[in-house]
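Chain and residue survey
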Amino acid sequence: MEYIGTTIINSIANPERTMPPRLFCLRSPASCAATVLLAAITAHRPAHAQAVPQPPTDAAACRDVHDFASSDCTLTWHGITVYGAYDVGVGWVSHGLPENGYNYEGESLVNRNGNHPMFLIAPNNLSQTGLGIRAKEELLPGWYAVFNASTGINPQSGSLANASATDIINNGLPRASYSIAIDGARAGQTFNDEIYGGLASDEFGTLTFGRERSLGTDAMLVYDPAGGAYAFSYIGYNGTMAGGGDTENSRWDDAIKYRIAFDHLHVGVMYKFADGAGGCYSSAATWSAATCTPVQAHNDAYGLDFGGEIGGFAADVVYQHYNQAISVLNPLLGAQSPTQPYQSTEDSIDTHPISGANVIDPTGTLYGIVTDNTALMAAAKYTWRAFKFYGGYEHIRQTNPSQPLGVGAADQGGYYLSGVEDHNLDSPKTVRIWWTGAKYAFAGHTDLTAAWYHQAQNTFRVPAVCGGAAGVLAACAGSLNEFSLFTDHRFTPRFDVYAGIAYSDVSGGLGIAIPHKPGVPYLHANNTAPTIGGRFKF
């Protein structure tokens, strides 16, 4: 579950979450972000920006405290800009869990283990709290070196955003004792949003390399009516759409991205190199450390974005493919868990625990379901006077991986898998996500946004029998809905307050919390979450 909010500082959010790139140029061209995403903005200038970004200069920097407090000037010195945000609020949820200091997404979305009404501190409701540094330095006329490094921080604890840790601290506990546990692309990395560098050209576009947001994440931030806000956007809170099938893939490590624009059209291309460890794999139902075979990681990925803008209309089509995508659904299950320990606190492959000594110590590890994912998304928006209308659709096809991962495989953020499932799907799984919404701006200081999000999956169970005596499993057809309504008022260019409500529900296979026979359902299949809060950005 990942990404993300509605202003310049969302460049450090998800999806993880942030504001359409066009809003990075708020005061002058020099205030534009000098990053790959800025580069992306440069390449997107007809569709998502109002001018060709120029190198940051001291003229755009804040001159004094009054200038900082009353305007959106940048904290820039010799082309280097420090930026960030603090976003926190309070909320109530009809079916929630105790919070923990690693969760960066709040609890607005229906949760598989949510069990009771509660008031709570709600972090990062419109955008991710965090810090970043970016730079753009002219090397030759029209050619620039660009750099960006940004990270997310939990406002309630000061800890780095870390989805993996939310699962690990619940490993082995009975379900009734869980605190909130999520999956996401931020796993406690020093720079858990992005860190990359490269070259930008006024004429030839931008080429960058490093940890970067996927093309789907870039598009989501532009075409989501809620701008990826965790508290009010399903596709912002849960990165399935942005990651092309799995939320951890809303950001790609060891990736190269290129963007260029031609008049009203723009193109983006992205490739991720395989990295990490593949672990030790065995296809046998009874296996041991001595009988499993070391395997290589084959987690490369690639994507293509094509779009443009004519008048008030903008649209993009994004294609993404990711091999060996990892999904972490639950903490490891132990003796106190409510069903058999399929996600066990022992090493396991395809739900078969190891016989004998562990391959790796399960302490501090995760259980991952592995798939190969292919996604095609189309999204559009239209601006008419004070209104903006949004809509989009994504079709995702997931299959068992062509190359399996094994026990000891590397997940994100330096964590490892003590359990893997390479054959979770009986047949190809199809996920469809669509959304729509509108935003109305009052006098340039207040926005009112309404949005609807829907996800549906096919029955990939074989035989395709669901319901009745057969029961409902995670492999059965199901759906998820979220509706949200919120308002955001800007007192100054740096400080705004917001209030709103989100309602979400699940049914069928999407309402199964632990995805193995006999299938353990969500404790409650819906959640209502009103939230209020404030945000300061610089």
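The shown structure was predicted, so the numbers you read here are calculated from the model rather than taken from an experiment.

Once that is clear, we can look at the side chain of S250. Following the sequence through the fold, S250 ends up in the loop between α6 (234–237) and β8 (251–262). Within polar-contact distance, the side chain of S250 engages the side chain of R251 at 3.3 Å.

Turning our attention to the state of the cysteines. Evaluated as defined, the whole model comprises three disulfides. C62 shares a disulfide with C73; S-S distance 1.9 Å. On the sign convention where negative is left-handed, the bridge of C62 and C73, at about 100° about the S-S bond, is right-handed. Pair noted here: C62 is in the loop between α2 (45–48) and α3 (65–70) and C73 is in the loop between α3 and β1 (75–77), with a separation of eleven residues, a long-range link. In terms of burial, C62 and C73 fall into one category: buried. Put simply, C466 and C476 are joined by a disulfide, and their sulfur atoms are 2.1 Å apart. Its S-S torsion of about -95° marks the bond between C466 and C476 as left-handed, since a negative value means left-handed. Placement of C466 in the loop between β20 (446–457) and β21 (478–490) and of C476 in the loop between β20 and β21 is noted, with a sequence separation of ten residues between them. A relative accessible area of 2% places C476 in the buried class.

Among the nine residues of helix α5 (residues 215–223), nine are classified as buried, and the element is accordingly described as predominantly covered. Those residues of α5 that fall on the buried side of the exposure criterion are L215, G216, T217, D218, A219, M220, L221, V222 and Y223.

Below, the discussion takes up the environment of S214. Its place among the elements puts S214 in the loop between β7 (205–213) and α5. Look at S214 and you get buried, because its relative accessible area is 0%. Counting along the chain gives 29 residues from S214 to G243, while the straight-line C-alpha distance between them is 6.8 Å. A distance of 2.9 Å separates a polar side-chain atom of S214 from the backbone oxygen of A242.

Quick notes on the rules
- Counting restarts for each chain: residues are numbered from 1 in the order of the written sequence.
- Local features in this predicted model are restricted to residues whose pLDDT is 70 or higher, and side-chain atom pairs enter the listing and the counts only when it is 80 or higher, whereas totals over whole chains, interfaces and linings include all residues.
- By convention in this description, side-chain values take in all heavy atoms of the structure and omit both hydrogens and water.
- In this description a helix means any DSSP run of H or I spanning at least four residues, a strand means any run of E spanning at least two, and both kinds are numbered starting from the N terminus.
- Definition of a polar contact: a pair of N or O atoms within 3.5 Å, with one able to donate and the other able to accept a hydrogen when the atoms are protein atoms, and with sequence-neighbouring residues admitted only if both atoms are side-chain atoms.
- In what follows, a disulfide is any cysteine sulfur pair within 2.5 Å.
- Burial status follows relative accessibility: with a 1.4 Å probe on protein chains alone, a residue under 20% of its type maximum counts as buried, one over 50% as exposed, and anything between as partly exposed.

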